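# Architecture at a glance
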Amino acid sequence: FKIIKPIAEKTKIAIGNHETESSKKLKDYMKAFNLEKQYYSFNYQNVHFLTLSTETSYDEGSKQYKFAEKDLKQYSNDKSIEWIVAFYHKQAYSSGGGLPDEKDFREIYHPLFDKYNVDLALQGHHHAYERFYPITFNDKNDNKPTISPKDKVKGSNVFQNPEGTIFLTVGTGGGESMTVWKGKSFSAAREDGKFGILNVSLEKDDKNNNILIGKFIDNMKNHKILDEFEIIKNSK
């Protein structure tokens, strides 16, 4: 808590497995960040953020699921909201090489993300960086999500009105690094053995379209950009 004191009031967290190692530790985290529940949401300018927890009940019918469904329904219809970002700890998708995917979570929440047009899903847990193409849930085989041909163009990292959510694993805050196996067919970029941050910025173009720019930046002194992508969406 001392390390983040200068930015503590601005910091938003997703509860992970290390925060729930003991009831006292969880209580301390909840108190420090003024949380009543492990899941919550908030707006920042024209972006809506939904924070979910993979560490408490999340099945269909749970209080968390009902909250998420109601929340996404409300803000997907809010004309003042241009972007929706979900974030949580254990990864729903990965190319492997780290900790197992939270398959039950993805089977429940990825269809919700599709239904309510979630733009980004930010994940941790796997101590590496991985960005996936925009994907929609494949109910016939959830290990192989669906990618629109227009969104999977080799060498392209610009997505115009993408069909699906871009999932990103950014577990590169400083813990020991993990490897990423050879990328799956829906994996667009991978970095392991590197510590860094994901910086997201928003812009408008001359046609008033909304542009989201994501940059994965190395923690080293030169702050090299290791991966970059753009989402371009027509204004509501």
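Our subject is the structure listed above.
Keep in mind the model is a prediction, meaning the values are calculated, not measured.

Here the focus is the pairing of strand β7 (residues 166-170). Taken across its five residues, β7 has four buried, putting it largely inside the fold. With four bridges joining them, strand β4 (residues 120-123) and β7 adopt parallel strand pairing. Note on β7: the bridge partner recorded for Leu120 is Ile166. Note: strand β5 (residues 129-132) against β7, three bridges, orientation antiparallel. Bridging from a neighbouring strand, Arg131 pairs with Leu168 of β7.

The next point concerns the environment of Ser201. Tracing the sequence through the fold places Ser201 in strand β9 (residues 196-204). Sequence spacing of Ser201 and Leu212 is 11 residues, and the spatial spacing of their C-alpha atoms is 5.9 Å. In contact with Ser201, not counting residues within four places along its chain, are Ile211, Leu212 and Ile213.

The next thing to look at is unusual backbone geometry. Backbone geometry at Asn34 places phi at a positive 55°, although glycine is not the residue there. Mapped onto the elements, Asn34 comes out in the loop between α1 (23-32) and β1 (40-44). By relative accessible area, which is 69% here, Asn34 ends up exposed. For His125, which is not glycine, the phi torsion reads 70° and is therefore positive. Tracing the backbone through its elements, the reader meets His125 in the loop between β4 and β5. For His125, a relative accessible area of 10% gives the class buried.

Attention now goes to the pairing of β4. When a strand is regular, its side chains alternate between the sheet's two faces. Inspection of the sheet shows strand β3 (residues 83-87) paired to β4 by three bridges, in the parallel sense. Within the sheet, the bridge partner assigned to Ala86 lies in β4 and is Ala121. You can see the chain leave β3, run along helix α3 (residues 103-115) and come back into β4, and the turn it takes is right-handed.

With that out of the way, let us pick up the packing of helix α2 (residues 63-76) against α3. Two numbers describe how α2 lies on α3: the axes approach to 10 Å, and their chain directions differ by 10°. Taken together, α2 and α3 sit at an angle that is classed as roughly parallel. Crossing of α2 over α3 shows right-handed handedness. Of the residues in α3, those touching α2 at Gln64, Tyr65, Ala68, Glu69 and Leu72 are Ile108, Tyr109, Leu112, Phe113 and Lys115. For the contact of α2 with α3, the per-class residue count stands at seven nonpolar, one polar and two charged.

This part takes up the pattern of salt bridges. The final tally for this structure, using the stated rule, is nine salt bridges. The salt bridge involving Arg106 is made with Asp142; its shortest N-O contact spans 2.8 Å. Highlighted residues: Arg106 in helix α3 and Asp142 in the loop between β5 and β6 (158-160), separated in sequence by 36 residues. Among the residues examined, Arg106 registers a relative accessible area of 2% and is labelled buried. Asp142 gets classed as buried once you look at its relative accessible area, which sits at 16%. Salt-bridge contacts for Lys233 lead to Asp119; the nearest nitrogen and oxygen are separated by 3.0 Å. With a gap of 114 residues between them, Lys233 in strand β11 (residues 225-233) and Asp119 in the loop between α3 and β4 connect regions that are remote in the sequence. A residue is classified by how much of its surface remains accessible, and Lys233, at 16% relative accessible area, is buried. One salt-bridge network, held together by shared partners, links Asp101, Arg106 and Asp142.

Conventions adopted
- Residues numbered from 1 in each chain as written.
- Predicted model: local features only at pLDDT ≥ 70, side-chain atom pairs only at ≥ 80, totals over all residues.
- Heavy atoms only, no water.
- Buried < 20%, exposed > 50% of the residue type's maximum accessible area, 1.4 Å probe, protein only.
- Helix = DSSP H or I, 4+ residues; strand = E, 2+ residues; numbered from the N terminus.
- Pairing = 2+ DSSP bridges.
- Contact = heavy atoms within 4.5 Å.
- Right-handed = clockwise from strand over helix to strand, strands pointing away.
- Axes fitted to C-alpha atoms, helices over the stretch in contact; angles between N-to-C directions.
- Parallel < 35°, antiparallel > 145°, perpendicular 65-115°, else oblique.
- Left-handed = near helix turned anticlockwise from the far one by under 90°.
- Nonpolar A, V, L, I, M, F, W, Y, C, P; charged D, E, K, R; others polar.
- Salt bridge = Lys/Arg side-chain N within 4 Å of Asp/Glu carboxyl O.

Read these as spatial facts, not as claims about activity.
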